[in-house]
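Residues per chain are reported as follows:
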Amino acid sequence: MQKGAEEEAQVDPPEEVESGEGAASLGDQEPEGFTFFSDHPLLTFLLKRLGWMALTLWIVFTLSFFLMRSIPGGPFDQEQNLSAEVLAKYKAAFYLDKPLAEQYLLHLRNALTGDLGPSYKMADYTVNEIMAAGIPKSLALGVIALIFALTLGITAGLLSAIKRGGFLDRSLMTVATIGIALPNFVIAGILILLFVIWIPIFPAATWGDYKHLFLPAFCLGAPFAAYVARLTRTGMLDVLSQDYIRTARAKGLSDAQVLVRHALKGGLLPVISFLGPAIAGILTGSLVVEKIFQIPGLGTHFVQAAINRDYTLAMGCVLLYTTLVYVMNLLVDIGYTIIDPRVKLE
Amino acid sequence: MRRDRNRNLFALGLALLLLGGGVLALQGATVERADFTFNNASEPQSLDPKVVSGVPEGRVLRCLYEGLTNMHPKTLVPVPGMAERWEVSEDGRTYTFHIRKNARWSNGDPLTAEDFVYSWRRFLDPAMPAKYAQLLWLVVKGRDFFDGKVPSAEVGIRAPEPHTFVVELVHPTAYFLDLCSFYPLFPVHRATVEAHPKTWSKPRNFVGNGPFLLEARTIRDRIRLRKNPQYWDADSVRLNTVDILPVEDHVTGLNLYLTGVLDWETDVPQQVISDLLKRDDFQPRAYLGSYFYRINLKHRNPEKARFLSDPRFRMALYLAMDRKAIVEGVTKAGELPSRALVPPGIPNYSDARHQPPALPEMDMEKARALIEEVKKDLGVDKIPTLKVLYNTSESHKNIAEVIQQRWGQGLGLKIKLENQEWGTYQASQKALDYDISRSAWIGDYADANTFLDLFVSGGGNNHTGYADPIYDSLIEAAAREADRDKRREILYKAEEMLLRDLPIIPIYSYVTKNLVRPWVKGFYPNLQNVHPLKFVWIDEEAKKNAEGR
Amino acid sequence: MSELSETVLDVQNLRVTFRSEDGDVRAVRGVSYELARGETLAIVGESGSGKSVTHMALMDLLPQTAMISADRLRLVGRNLMEMSPKEKRRMRGSDLAMIFQDPMTSLNPFSTLGTQIAEMLKLHRGLRGKALYAAAVAALAEVGIPNAEDRVEQYPHEFSGGMRQRAMIAMMLAGEPEVLIADEPTTALDVTVQAQIMELLAGLQSERGMSIILITHDLGLVAGSSHRVAVMYAGRIVEMGTTEKIFADPRHPYTRGLLASVPRLDQEGGELYQIPGTPPDLAHLEPGCPFRERCEFAV
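The model shown is predicted, which means the values in this text are computed figures rather than measured ones.

Draft legend 1. Quick peek at the interface of chain B and chain C. The interface is formed by five residues belonging to chain B together with 13 residues belonging to chain C. Buried surface at the junction of chain B and chain C, summed over both partners, amounts to about 670 Å²; 46% is from carbon and sulfur atoms. On the surface where chain B and chain C come into contact, there are one salt bridge. One salt bridge connects E158 of chain C with R3 of chain B, and the closest N-O pair in it is separated by 3.2 Å. The tally of links from chain B across to chain C stands at seven residue pairs in polar contact (both at pLDDT 80 or more). Residues of the side of chain B that touches chain C, tallied by class, amount to one nonpolar, no polar and four charged.

The following block contains the structure:
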């Protein structure tokens, strides 16, 4: 198992050897584990995790607040044309002249009410407006990238595992190794050269219809597809050597039935565990890809906010990323317990 | 059995949800191509003239608004804008503008002198002034109002009649009419601003007075403009729609240009300049900007301060710098090596008919001699290691490496390079926390003053610690001087002083790096790299021919 | 045992060789036996003796690297050697079934037992819908699992070890096989549970009249539950006979060694006998008796 599910969910202790189990154990029934449609344990689990999330967000808020302000340069210090007098008035208007502790409390109070304030650098918008405009674009990019990663990765991994040691296996795994090693801006460069300049079938950049999503989503998903392929292959090979696969064949099932009904779930568990880190990776990876393809998503806003010392927008992005990663991991953990009945929500 | 089915259904549901999300994600709208698309290289800080202070903002605002005067697209001299004519008083301090009778806001409201009174007072508003507020300290009591000492009514801005706007200046100002076409001084629509204090600049509320309307704006995506039928000179506007993209990465921008998305790209990546120079659509021209190194004259480290504050030492640094190697080996777009701060081409200062002061050419012998002299005078043999600070960028780094090599091998100095990300770099420079720092300045208007007044004592953009009352008084005297020739001579003296004291080391003057499609007409090269879209049009015939080929 | 007449499984001179880089490993070197209807044949031997490989070969569950040959392989009158892969697959589970040593790892942890049993019922008996569900519940009940209606909805990890093996038996018998190969069915289980499982198998055998091949290294288990015993060593059956005869009068020194190493209730104290040495390397077998290195009687 990969990390992620392992940390949050507990596997039943294996009962390889039993001792002292006598005739009485015939009627013995272990306590009912996670029953999917009884929502009681799920609810407690969710409440607990949301509690942790709130705490995490507060810590992230506090750390980011002070770290951001400890870096030299403020949002209005960077403008060359500002006279000292005007600068002072701008700072005052954004509380920047107040003691740091007071600023912290003011911002924390506003954040608690859901108001992250105006963007310091894009005066026409509030942070909430900017993020609301960015989320759908980043999500669209992320979802397509994830679909690329999963479909390509799982298909390649399955083919590799089935044709283990063959030419197909070796070529797919070589491609996967390259895919993991190549940073996505390099992949982007190659793809742009191929499909924008030489064979102009995709637009070079900007946001618009589905054609604009294809290349960036592919670049974003490719390293993860490679990783998923390797995980699928190892997972499948591991499962295919399990005793219960032999049992399934002894039952008289065809190879395809054995694969789909018995091997797939276990073989894909490592992929499911990897989804948590993968989603986080796709979110952060989009910082680079969004810049290259000029996609007006969260990544672009986040990077620019950091460069411009747009404290409020940077803070909004940090909080949003934290929430997204947290919620996605939560979903992955729940998904894990659904695929693997041995794992319980903790 | 049932539990398996539930689990499988759930897993299937999740997979379908993901796929559904994918389908939803692909439902983006196709954007109809505009008549003219250009890359503005960044998202404007705002569409409010009061809040902005940058070149990209200027490009957008000049489409949406118009000032009292306009810039001539070729020469950039002030031509009538909202004011159809104006008179200047004998003493050069009172300007009377006659607003055109057919001047209108985009919602049809008539535009009057009152609009300018409101906008300029708002510009100076002590509570939340414009970023460029000091521009209007030129106006009588402008500074006092900004400081909250007098009410707005006392400021020297009046509208004696609906179409007469009168401005009283503290002293005659040679470039005042140029300022009137500068984007921070554009008027805003009072009723809209007051009705929607926070959202008036959004497309749904926006009211402007320029050649184009704000049709749509998506953050860091695009701004869509449409021709404004209410504009007084709408007949001359030939573009119906304009798209403004904020692509920061110029490699991406170049790709967009090469694939036909952009008609105009405002900058290009450094590494392809040699290739682009072979193209007809890339024609670098002189640009009103200087690239130079600042030197910290008030260094906190006494060891370093001894050398850095010695003008002979700074002169040695200047003399040992190979500017030709930099423009030919690094920047490559035809930049001119500088021997002064003010770039060439400024009318009545550094144009073809006038010779402003300049430093001598590179001279290693002299530079070495000066270093020896300084060492001897100070009685030290070892010069501490000096750091050259630059903001992270390949081309700044390459330039610094050339300089490091000359100062190192030529003068025997130990030079270290230090790069900082933009925000940190700005803060270091502002706090005088550096030895030598890469710098640049783009002039706001075509006058030497925009460069020379940087280095007045305590100036907001001085950042060198240079402070000389004589220099300050020269800048002040030039501002008050109404006579062009006399004023020029005063400014020459100021620059001469600056070049003697050398708080900065000139390196080169900028060139524009526009990529413009051959069928784009009404687009003229000029010193300030300002290209009002009001005059731009597409030669459809040429475009068809070019695309057909 | 005279009423045991009809032969359901006929194995003559079965050989299995694994190709490896280290040379061919001749894991099974000519095994022959006949199994009658309703009979229980115990195959006894150390690990590596080829007893499991022989039967995996019959089930066609060996990897591609295994080369199988035989003079005759017949299951209820059908020639296994001439079957197509598809026919062999159909044969598995319906005519010839197999249960495995470790019911924890041999059951799919991701499916409920109901689903795993129903899979067999669907495949080999064509059951669907309500009948399928009822049959699955009945199958669990038949092997003595209480509350079968609830248990069909449970996963292997929710069962105890003995219950899991019962469920495995229920699953593998769902195809109503002629012959059940039980490969060390009780090794992973507690002693008392072992007896219950053997009792269950015996009961089911008499009900259904199926034959059982009991693969084990535990002679103690063999004594009470099998009709005949075959002792395997180094890929060959070294001795075969009725259970009474083998226990009373073992001929082969290996059989004697095996018998001596079984703990007996009537002999208190003393050290348990151990056959010296280790089984031979089947990749490099020299001519002659492969047991001679470890034989007490060897010259």
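Once the structure has been displayed, the description carries forward.
Draft legend 2. Spotlight on a nonpolar patch on the surface. Where nonpolar side chains cluster on the molecular surface, the patch consists of I190, L193, L194, I197, W198, I199 and I201 of chain A together with L258 of chain B and spans about 720 Å² of accessible area. When residues of the nonpolar patch are assigned to their parent elements, the largest contribution, five residues, is made by helix α7 (residues 184-198) of chain A. Within the fold, I197 of chain A resides in helix α7. According to the relative accessible area criterion, I197 of chain A is partly exposed, its value standing at 34%.

Draft legend 3. Layout of the sheet that holds strand β8 (residues 179-183) of chain C. Residues and elements named next belong to chain C. Reading across the sheet, the six strands line up as β7-β8-β9-β3-β10-β11 and stay open at both edges, with mixed pairing between neighbours. Each having just a single partner strand, β7 (96-99) and β11 (236-242) make up the two edges of the open sheet. Taken over all neighbouring pairs, the strand axes of this sheet differ in orientation by 20° on average, direction set aside. As paired elements, strand β3 (residues 40-44) and strand β10 (residues 228-233) share four bridges and run parallel to each other. Counted as the bridge partner of V44 is V231 from β10. Most of the contacts of helix α8 (residues 191-208) go to strand β9 (residues 211-216), to which it runs at about 160°, and overall it touches β3, β8 and β9. Against the sheet, helix α11 (residues 253-260) touches β3, β10 and β11, its axis set at about 105° to β10.

Draft legend 4. Molecular detail of unusual backbone geometry. In this model, L502 of chain B sits at a positive phi of 50°, which is unusual for a non-glycine residue. As for its placement among the helices and strands, L502 of chain B is situated in the loop between α17 (484-501) and β17 (504-511). We note that E176 of chain C has phi near 50°; this positive angle belongs to a residue other than glycine. Here E176 of chain C lies in the loop between α7 (161-173) and β8.

Draft legend 5. Focus on the pattern of salt bridges. One pass over the structure, following the stated rule, counts 56 salt bridges over all chains. E418 of chain B serves as the salt-bridge partner of K387 of chain B, at 3.8 Å between the closest nitrogen and oxygen. Here K387 of chain B, found in strand β14 (residues 386-391), pairs with E418 of chain B, found in strand β15 (residues 415-420); they are 31 residues apart in sequence, far enough to count as distant. Its relative accessible area of 29% is what places E418 of chain B among the partly exposed residues. Close ionic contact of E6 of chain C with R37 of chain C constitutes a salt bridge, the shortest N to O distance being 2.9 Å. A residue pair is termed long-range when its members are at least 10 positions apart, and E6 of chain C in the segment before β1 (7-18) and R37 of chain C in the loop between β2 (25-36) and β3 qualify at 31 residues. On the basis of relative accessibility, which here comes to 40%, the residue E6 of chain C falls in the partly exposed class. What emerges from the salt-bridge pattern is a single network uniting E85 of chain A together with R143, D147 and K149 of chain B.

Draft legend 6. Spatial organisation of the pairing of strand β5 (residues 72-75) of chain C. All names here are of chain C. Burial of β5 is one-sided: the residues L73 and L75 facing one way are buried, the residues R72 and R74 facing the other way are not. Across two bridges, β5 lies against strand β6 (residues 78-79) in antiparallel orientation. Residue pairing in the sheet places L75 in a bridge with R78 of β6. As consecutive antiparallel partners, β5 and β6 are separated by two residues, and within that stretch V76 has a phi angle of approximately 35°, a positive value.

Each value, and the rule that gives it
- Residues numbered from 1 in each chain as written.
- Chains lettered and ligands numbered in written order.
- Predicted model: local features only at pLDDT ≥ 70, side-chain atom pairs only at ≥ 80, totals over all residues.
- Heavy atoms only, no water.
- Contact = heavy atoms within 4.5 Å.
- Buried area = accessible area lost by both parts, 1.4 Å probe.
- Salt bridge = Lys/Arg side-chain N within 4 Å of Asp/Glu carboxyl O.
- Polar contact = N/O pair within 3.5 Å; in protein donor to acceptor, adjacent residues only side chain to side chain.
- Nonpolar A, V, L, I, M, F, W, Y, C, P; charged D, E, K, R; others polar.
- Patch = residues over 30% accessible without salt bridge, like charges linked within 9 Å, V, L, I, M, F, W, Y side chains within 5 Å.
- Areas by Shrake-Rupley, 256 points an atom, 1.4 Å probe, with all protein chains shown as cover.
- Helix = DSSP H or I, 4+ residues; strand = E, 2+ residues; numbered from the N terminus.
- Buried < 20%, exposed > 50% of the residue type's maximum accessible area, 1.4 Å probe, protein only.
- Pairing = 2+ DSSP bridges.
- Axes fitted to C-alpha atoms, helices over the stretch in contact; angles between N-to-C directions.

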